[in-house]
Amino acid sequence: MIMSNVGDGYGSQYHLRRWVNGNQSSLNAHIENAYRTLDLPLIDSIHWVSPIESDGFRELGGMEYFSETGRSDVVNAWTGFWPQSGRPQMWDGWAVVRFKDGTEEILVVEAKANSSEFETPGTGSKGSSRTKILRSLDETKAFLNVPTDAVWYETYYQFCNRLTALYFLNEQVEVPSRLLMIYFIGDQFPDGRDCPQSQDAWGSLISKMHQAIKLPRDHRYSARVIDVFPNVTLDR
């Protein structure tokens, strides 16, 4: 569990907290619109677990959610799949989507608001931790038909390890899950850093990333990675 410092009126963490806690219906509408393009049951509700104001806006790390919900099988499997030393993967948000047919699935959430945070650095892990990470990245690459020479442990490592966690949830422990990527449009930082001002601008960055990590256009998780583009200028 981590509670991070956030910008005052800017940044992906600030906007995600604002939308989840103060404009949740609009954020959920973006998600529901994306789901309508998929062959899925109708959504009944979206329950946000994090970041919640009454819970200190805490962010969940790794598979912490399953520790709290009594799924020790998931936690134990994760221990064998991903290193437990060092800083865990931290999720910007976490939600549970419940469908009208009574089924449900997990939404693990990443949010971005500027170009610089999009191109994340590589893993700094060493030794046995690095070996375990590379093994799991390679396993996920093979599942998604990504060429073996694609480098997933350097630039764009964060997105790649999120795909790997998604693979773990769906294939290793059979917990239906999707990765929700929230790309905020129209942010403004005090230092003037580049913030995409349109969906097309984000689309160019996303395409560049997919090319760099050699992710096929129609990969097996194309429907499990959902992109939404809320405009922060409409929520000020």
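Note on numbering: residues in each chain are counted from 1, in written sequence order. Local features in a predicted model are, by the rule used here, given only for residues with pLDDT of at least 70; side-chain atom pairs are given and counted only at 80 or more, and totals for whole chains, interfaces and linings are based on all residues. The basis for every side-chain value is the complete set of heavy atoms in the structure, and neither hydrogens nor water enter the calculation.

**Focus on the overall build of the protein**
Step number 1: Summing up its helical and strand segments, the protein has 7 helices and 5 strands in all.
Step number 2: Note on conventions: DSSP H or I runs of at least 4 residues are helices, E runs of at least 2 residues are strands, and numbering of each starts at the N terminus. Going residue by residue from the N terminus, the α and β elements of the protein occur as α-α-β-α-α-β-β-α-α-β-α-β.
Step number 3: With respect to the three principal axes, the spread of C-alpha positions in the protein is 45 × 40 × 35 Å.
Step number 4: Within the span of the protein, comprising 236 residues, buried residues form 49% of the whole.
Step number 5: The contact criterion used throughout is that any non-hydrogen atoms of two residues lie within 4.5 Å. In the protein, 72% of the contacts between residues at least 6 apart in sequence involve partners at least 24 apart.
Step number 6: When the accessible surface of the protein is split by element, carbon and sulfur atoms take 46% of a total near 11200 Å².
Step number 7: Under the counting rule used here, the positive set is Lys and Arg, the negative set is Asp and Glu, and His together with the chain ends is not counted. Every charge is mapped to an atom, namely NZ of Lys, CZ of Arg, CG of Asp or CD of Glu. Between the mean site of the 23 positive side-chain charges and the mean site of the 30 negative ones, the protein shows a separation of 4 Å. Only protein chains enter the accessibility calculation, which uses a 1.4 Å probe; a residue whose area is less than 20% of its type maximum is buried, one above 50% is exposed, and one in between is partly exposed. Values of accessible area rely on a 1.4 Å probe in the Shrake-Rupley scheme; residue burial ignores everything except the protein chains shown.

**Section: the sheet that holds strand β5 (residues 225-228)**
Step number 1: Note on pairing: DSSP must find at least two bridges between two strands before they are called paired. With mixed pairing, the 5 strands of this open sheet are ordered in space as β1-β2-β3-β4-β5. Two strands lie at the open edges of the sheet, namely β1 (43-50) and β5, each paired on one side alone. When strand polarity is set aside, the average angle formed by the axes of neighbouring strands in this sheet is 25°.
Step number 2: Here β1 pairs with strand β2 (residues 93-99) via 6 bridges, running antiparallel. Residue pairing in the sheet places Ile46 in a bridge with Val97 of β2.
Step number 3: All axes here are fitted lines through C-alpha atoms, helices being fitted over the stretch that makes contact, and every angle between N-to-C directions spans 0 to 180 degrees. Where helix α2 (residues 24-35) meets the sheet, its contacts fall on β1, β2, β3 (104-112), β4 (177-183) and β5, and the angle it forms with β1 comes to roughly 125°.

**Here we look at empty space enclosed by the protein**
Step number 1: Both cavities and pockets are sets of points on a 1 Å grid over the protein atoms alone; in a cavity a 1.4 Å probe fits but cannot get out, in a pocket the set is open with protein on both sides within 12 Å along at least five of seven lines, and lining residues sit with an atom within 4 Å of a point. Grid points are joined across faces, edges and corners, and a volume is the space filled by probe spheres set on the points. The full count for this structure, using the stated rule, is 2 cavities of 30 Å³ or more.
Step number 2: Of the voids in this model, the largest cavity is the one considered here, and its volume is about 70 Å³.
Step number 3: Lining the largest cavity, in full, are Glu110, Lys112, Phe118, Thr120, Tyr156, Gln158, Phe159, Met181 and Met209.
Step number 4: Secondary structure elements with two or more residues in the lining of the largest cavity: β3 and α6 (157-172).
Step number 5: In terms of residue class, the lining of the largest cavity is made up of 5 nonpolar, 2 polar and 2 charged. Amino acids outside the nonpolar list (Ala, Val, Leu, Ile, Met, Phe, Trp, Tyr, Cys, Pro) and the charged list (Asp, Glu, Lys, Arg) are all regarded as polar, and Gly is one of them.

**Quick word on the layout of surface pockets**
Step number 1: Roughly 710 Å³ of internal volume is contained in the largest pocket.
Step number 2: In this structure, the largest pocket is lined by 34 residues; those nearest its centre are Arg87, Pro88, Met90, Gln158 and Arg162.
Step number 3: In terms of residues, the lining of the largest pocket owes the most to one element, α6, which gives 4 residues.
Step number 4: Here the lining of the largest pocket is built from residues that sort into 11 nonpolar, 16 polar and 7 charged.
Step number 5: The volume enclosed by the second largest pocket comes to roughly 430 Å³.
Step number 6: Around the second largest pocket, the lining is made up of 16 residues, and of these Ile206, His210, Pro216, Arg217 and His219 lie nearest the centre.
Step number 7: Mapped by element, the contributors of at least two residues to the lining of the second largest pocket are α6, α7 (199-212) and β5.

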